[in-house]
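# Structure assessment
One-letter residues, chain by chain:
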Amino acid sequence: MSSPHLCRPGVSPGRGGHGHRGRPTAGGYRPAPLPRGQWQPPGASPVPRAQGPPCAGPWGRAARTHPPPAPSLPLGPSWGKETDQGEKPARKGCGLAGEPRDGVLAPPSGSRRPGPRSEPSGFLSPGRCPADAQPTEAETAVWNQVNAVLEEAQAVLAELQSYTGAGQEIREAIQNPGDLRLQERAWSAVCPLVAKLKRFYEFSLRLENALRSLLEALTSPPYAPTQHLEREQALAKQFAEILHFTLSFDELKMTNPAIQNDFSYYRRTISRNRINNLQLDAESEVNNEMANRMSLFYAEATPMLKTLSNATTKFVSENKTLPIEDTTDCLSTMACVCRVMLETPEYRSRFTNTETLLFCMRVMVGVIILYDHVHPVGAFAKTSKIDMKGCIKVLKDQPSTSTEGLLNALRYTTRHLNDDTTSKQIRALLQ
């Protein structure tokens with residue numbers, strides 16, 4: 001995914017001001033078009049490459065002579081398919097201090113970490129197309145594990161989307177408690193649905209393991225998180241796809257009350273039968289212990305996101321020798337790239353279908369929530385490396401039908417929104 005031009009921390013590109021040295025316009029400055037051969041959203045039309053003057057360095061420092069390559073983030077399975085593969089790449093990657101590093105990022109001298117809200121640049125090698133990024137030999141084992149999970153994810157979403165529930169049968173059974181035929185009919189309708197809900201729950205455990213494997217690969221020494229995102233494009237793409245699935249699953253779950261209604265009826269029936277010393281065949285598949293775990297899972301408004309948040313928190317707590325910034329910097333960088341792609345007209349104009357927009361927004365919200373669960377002060381504090389005002393604004397600029405679920409996820413599944421360190425302005429934006 002092609003990344004935005006760079007600005008000083010806290011200055012958004014494409015809005016004028018003096019933090020950006022792009023081409024001047026009547027309203028200020030606007031970034032140069034995306035170079036070809038970089039990440040592009042599905043269905044996007046390529047934009048001709050333009051040579052511009054030197055601009056601010058990737059982390060807010062002035063570049064010397066090289067305009068930085070547009071950073072990339074792999075968004076979506078068809079990302080970049082319309083990229084002109086025959087175009088010669090602009091040049092090698094650009095280091096954090098604006099110096100060439102042969103496609104590998106290196107921190108500026110004397111500073112290991114970038115400042116808050118700085119714009120990422122060049123963290124993915126411009127010579128490779130992320131849509132077609134193939135795992136290197138070192139990535140293969142993790143990539144294969146995660147790919148098997150992602151292939152199953154599509155079937156899970158399709159099953160959830162077609163989930164209609166057994167509402168009619170349950171109502172008739174409850175209204176006629178003495179009619180054995182209606183009781184059996186409701187039970188026969190609910191049991192296969194509960195088996196399906198069990199598969200969803202078990203899939204969440206496999207998704208959790210896949211996320212853990214990606215976190216280990218994208219934060220392990222000796223490389224910094226931005227270096228990992230540049231070097232391991234295939235894994236970075238899978239990380240984004242997991243978040244896209246997670247937010248998609250939770251949006252469908254939140255709008256389908258039949259899921260909890262069916263499962264509640266199933267548990268009540270099991271309890272009643274246990275009191276009457278009856279054993280039903282279905283209990284062998286979803287016994288009381290499994291039903292308890294599933295109940296906790298489906299009681300969450302966003303169960304998949306809760307699973308990933310817990311997994312990320314557990315990953316950080318179990319890897320005490322790994323600096324927490326290695327995890328949070330990976331998340332904040334992805335959030336920043338998604339935000340700039342959405343708020344910059346030059347990049348946004350290349351999104352020719354709504355699914356690409358939704359993908360980018362879901363990934364952004366997903367990494368924000370993970371960051372907020374992992375970072376000690378969260379994503380909403382002034383010291384956060386995520387520009388929360390900008391992220392919320394780009395969500396609210398979209399039609400409410402496509403973003404209300406994402407805004408609710410920020411309102412109700414983050415940990416630090418109501419902290420004293422959260423500004424009143426951010427709280428007001430989410431009201």
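Residues numbered from 1 in each chain as written. Predicted model: local features only at pLDDT ≥ 70, side-chain atom pairs only at ≥ 80, totals over all residues. Heavy atoms only, no water.

## Details of the overall build of the protein chain
The line we're drawing: Helix and strand definitions here come from DSSP, where helices need a minimum of 4 consecutive H or I residues and strands a minimum of 2 consecutive E residues; each element is numbered from the N-terminal end. Note on contacts: a residue pair qualifies if any of its non-hydrogen atoms lie within 4.5 Å across the two residues. We get accessible surface area from the Shrake-Rupley algorithm with a probe of 1.4 Å; when it comes to residues, only the shown protein chains can shield them.
A count of helices and strands for the protein chain gives 14 helices and 2 strands. Counting contacts in the protein chain only where the partners sit at least 6 residues apart, residues at least 24 apart contribute 76% of the total. For the protein chain, the exposed area adds up to about 18,300 Å²; of that, 51% sits on carbon and sulfur atoms.

## Digging into the packing of aromatic side chains
Applied cut-off: Stacked, tilted and edge-to-face are the three classes applied to pairs of Phe, Tyr and Trp rings, where Trp contributes its six-membered ring and a pair requires centres within 6.5 Å; stacked means planes under 30 degrees apart, edge-to-face means over 60, and tilted covers the rest. Three labels apply to residues, based on accessible area from a 1.4 Å probe with only protein chains included: buried if under 20% of the type maximum, exposed if over 50%, partly exposed otherwise in between.
One pass over the full model with this rule turns up 8 aromatic pairs. For the ring pair Phe 203 and Phe 245, a centre distance of 5.3 Å and an interplane angle of 80° mean the geometry is edge-to-face. Note that Phe 203 is positioned in helix α3 (residues 180–219) and Phe 245 in helix α5 (residues 233–254), a separation of 42 residues in sequence. Here Phe 203 and Phe 245 have matching classes, each one buried. On the numbers, 6.3 Å between centres and 15° between planes, the contact of Phe 263 with Tyr 266 is stacked. On the criterion of helical spacing, the pair formed by Phe 263 and Tyr 266 is a turn pair, its members being 3 residues apart in helix α6 (residues 258–275). An aromatic cluster is present here, built from Trp 187, Tyr 201, Phe 263, Tyr 266, Phe 297 and Tyr 298 joined pairwise through their rings.

## Comments concerning helix α12 (residues 388–396)
Those residues of α12 not exposed but buried are Met 388, Gly 390, Cys 391, Ile 392, Val 394 and Leu 395. In this structure, the buried residues of α12 make contact with α9 (324–343), α11 (354–374), α13 (400–412) and α14 (424–429).

## Details of the environment of Ile 242
Its location among the elements puts Ile 242 in helix α5. With 34 residues separating them in the primary sequence, Ile 242 and Glu 208 have C-alpha atoms 9.8 Å apart. Discounting chain neighbours no more than four positions away, the residues touching Ile 242 are Val 146, Leu 150, Leu 207, Ala 210, Leu 211, Leu 214 and Leu 308.

## Structural notes on the pattern of salt bridges
To be explicit about the condition: In what follows, salt bridge is the name for a side-chain nitrogen of Lys or Arg lying within 4 Å of a carboxyl oxygen of Asp or Glu.
Within this structure, the stated rule accounts for 15 salt bridges. Asp 397 serves as the salt-bridge partner of Lys 393, at 3.1 Å between the closest nitrogen and oxygen. A relative accessible area of 40% means that Lys 393 is categorised as partly exposed. Salt bridges linked by common partners bring Arg 212, Glu 216, Lys 314 and Glu 318 together as one network.

## Here we look at the nonpolar core
Note the threshold: In these notes, a set of buried Ala, Val, Leu, Ile, Met, Phe, Trp, Tyr and Cys residues joined through side-chain atoms within 4.5 Å is what counts as a nonpolar core.
The biggest cluster of nonpolar side chains holds 100 residues, and the ones touching the most others in it are Phe 239, Phe 245, Tyr 266, Met 294 and Ile 368. The leading source of residues in this core is α3, at 18 residues.

## Description of the side chain of Asp 262
Test applied: In this count, Lys and Arg are taken as positive residues and Asp and Glu as negative ones, while His and the chain termini are left out. Whenever a nitrogen or oxygen atom comes within 3.5 Å of another N or O atom, the pair is scored as a polar contact, on the condition that within protein one atom can donate a hydrogen and the other can accept it, and that pairs from neighbouring residues in sequence are kept only if both atoms are in side chains.
Within the secondary structure layout, Asp 262 lies in helix α6. Within the buried core, Asp 262 has no salt-bridge partner, and the shortest N-O distance to an opposite charge, that of Arg 171, equals 8.5 Å. At 2.7 Å, the side chain of Asp 262 forms a polar contact with the side chain of Tyr 163. Contact partners of Asp 262, with chain neighbours within four places excluded, come to Tyr 163, Gly 165, Ala 166, Gly 167, Ile 170, Val 190 and Leu 193.

## Re the environment of His 244
Relative to the elements of secondary structure, His 244 occurs in helix α5. Along the primary structure His 244 and Gly 366 are separated by 122 residues, whereas in three dimensions their C-alpha atoms are 7.8 Å apart.

## Some remarks on the state of the cysteines
What counts here: For this text, the term disulfide refers to a pair of cysteine sulfurs within 2.5 Å.
Evaluation of the coordinates by the stated rule reveals 0 disulfides. There is no disulfide at Cys 391, and the cysteine sulfur nearest it, in Cys 336, is 7.7 Å away.

## Quick word on unusual backbone geometry
A cis geometry characterises the amide bond from Pro 221 onward to Pro 222, with omega recorded as 10°. Along the polypeptide, Pro 222 turns up in the loop between α3 and α4 (225–231).

Just geometry here; none of it tells us what the structure is for.
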